[in-house]
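As a plain string of letters, each chain reads:
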Amino acid sequence: MMRVYIEQTNQKSILKFVCEEIITAGSYELGKNDVTQISPLAQQLLSFPFVERVFITANFVAVQKNELVEWEDVAQEVKEIVNEHFEAGSIVKEPQKKEPYTLYAEMTPNPKVMRFVCNQLLTSQIIEVKSKELAEQVPLARALMNNFDFISEVFISENYISVTASEKIQWQDFALEIRQYLLTYLQQGNPIAQEGYEQPANEYEAKLKNKEYTSTEKQIQQILDEYIKPAVASDGGNIALLEFNEESKTAIMLLQGACSGCPSSTVTLKNGIETMLKEMLPNVVEKVEAVNG
């Protein structure tokens, strides 16, 4: 079905191809030497020797030709090409507007840590900065630590940022200010971490990175991933299996983020994780211990 019609203009070299609907809110003028990726239609039309310029705005495409041909010889062909792109939605491929960031702040079980949750993915890796000296390659952490003296650690994972206070503070006095600072930082397109950033590995993380899991350890890690890590992440932290001692039947966990140094982490380990592992792997796991990342 043809949804494009031809309209004459005051200039003999220019013909308008009018579409039934608005095709762009902007205005584009493209010639042979212009980058035309924004308009697959213009890219195709400008490949013809007789087409000199393509104008796209509102609900029409205007094409300027040279003297090699007459419009009566090529107008119908151009009209069909415009119609094909109109139907395919490829006259103009305007960059999609990025969804605005939203953030909300929430307390964690660790009174020293506040968690800021974003509506978008921030990073696909775990980023843990435990001092200003280690923040050089993580601009977001460096900015937080420089602007808020009491922030001693920053933990970033997936869609949330956990910040740790070096002293006892009333979070209600600072949460909104930190939230607004983070929101402005993200909306301005500032980087989370430098390109190619790799988390510096401490002795525990280095061990995890090079670890080959036994079959029992794979079972334990699978339970962690499926049942425990989502809840831990919602508290602003992360947990991973460091090793399993077959003789003592003890699973040793690495705690990061808000979980690291949290007063309630011991209770969580004993009443939650240890109990679950005992139930799901009877006679295999008897005890759970933790080290702080």
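The structure we're discussing is the one just above.
Once a new chain begins, its residue numbering starts again from 1 and follows that chain's sequence as written. Owing to the predicted nature of the model, reporting of local features is limited to residues with pLDDT of at least 70; listing and counting of side-chain atom pairs is limited to 80 or more, with chain, interface and lining totals taken over all residues. Working from all heavy atoms in the structure, the side-chain values ignore hydrogens and water.

What to know about the pattern of salt bridges
Step number 1: Salt bridges are counted wherever a side-chain nitrogen of Lys or Arg sits within 4 Å of a carboxyl oxygen of Asp or Glu. For the coordinates displayed, the defined rule picks out ten salt bridges.
Step number 2: Note that Glu106 is salt-bridged to Arg115, the shortest N-O span being 2.2 Å.
Step number 3: Under the relative-accessibility criterion, Glu106 is labelled partly exposed at 23%.
Step number 4: The shortest N-O distance in the salt bridge between Lys130 and Glu128 comes to 3.7 Å.
Step number 5: For the exposure calls, accessible area comes from a 1.4 Å probe over protein chains only, and a residue counts as buried if that area is under 20% of its type's maximum, exposed if over 50%, partly exposed in between. According to the relative accessible area criterion, Glu128 is buried, its value standing at 6%.
Step number 6: Look at the salt bridges and you will find they share partners, linking Arg3, Glu20, Glu21 and Glu87 into a network.

Some words on the sheet that holds strand β2 (residues 14–19)
Step number 1: Should DSSP find at least two bridges between two strands, the strands are taken to pair. Numbering of helices and strands starts at the N terminus; helices are DSSP runs of H or I of at least 4 residues and strands are runs of E of at least 2. The sheet built from five strands is open, its strands ordered β1-β2-β5-β4-β3 with antiparallel pairing. With partners counted over all chains shown, the strands left at the sheet margins are β1 (4–8) and β3 (27–31), one partner each. Neighbouring strand axes in the sheet, compared pairwise and without regard to direction, differ in orientation by 20 degrees on average.
Step number 2: Bridge count between β3 and strand β4 (residues 51–57): five bridges; the pairing is antiparallel. In the sheet register, Tyr28 faces β4, and the bridge partner there is Ile56.
Step number 3: Strands in contact with helix α2 (residues 71–88) are β1, β2 and β5 (60–65); relative to β2, the strand with the most contacts, it is inclined by about 30 degrees. The axes used here are C-alpha line fits, helices contributing only the stretch in contact, and every angle between their N-to-C directions lies in the interval 0 to 180 degrees. In this analysis, two residues are considered to be in contact whenever any of their non-hydrogen atoms come within 4.5 Å of each other.

Some thoughts on a negative patch on the surface
Step number 1: A cluster of acidic residues, Glu52, Glu67, Glu70, Glu72 and Asp73, forms a negative patch on the protein surface.
Step number 2: In this structure Glu52 comes out as partly exposed when scored by relative accessible area, which is 36%. Exposure above 30% relative accessible area and the absence of a salt bridge qualify a residue for a patch, where like charges join within 9 Å and nonpolar side chains (Val, Leu, Ile, Met, Phe, Trp, Tyr) within 5 Å. In these tables, accessible area is a Shrake-Rupley quantity obtained with a 1.4 Å probe, and a residue counts as shielded only by the protein chains included in the view. A positive count includes Lys and Arg, and a negative count includes Asp and Glu. His and the chain ends are not counted in either. Taken as the charge centre is NZ of Lys, CZ of Arg, CG of Asp or CD of Glu, depending on the residue.

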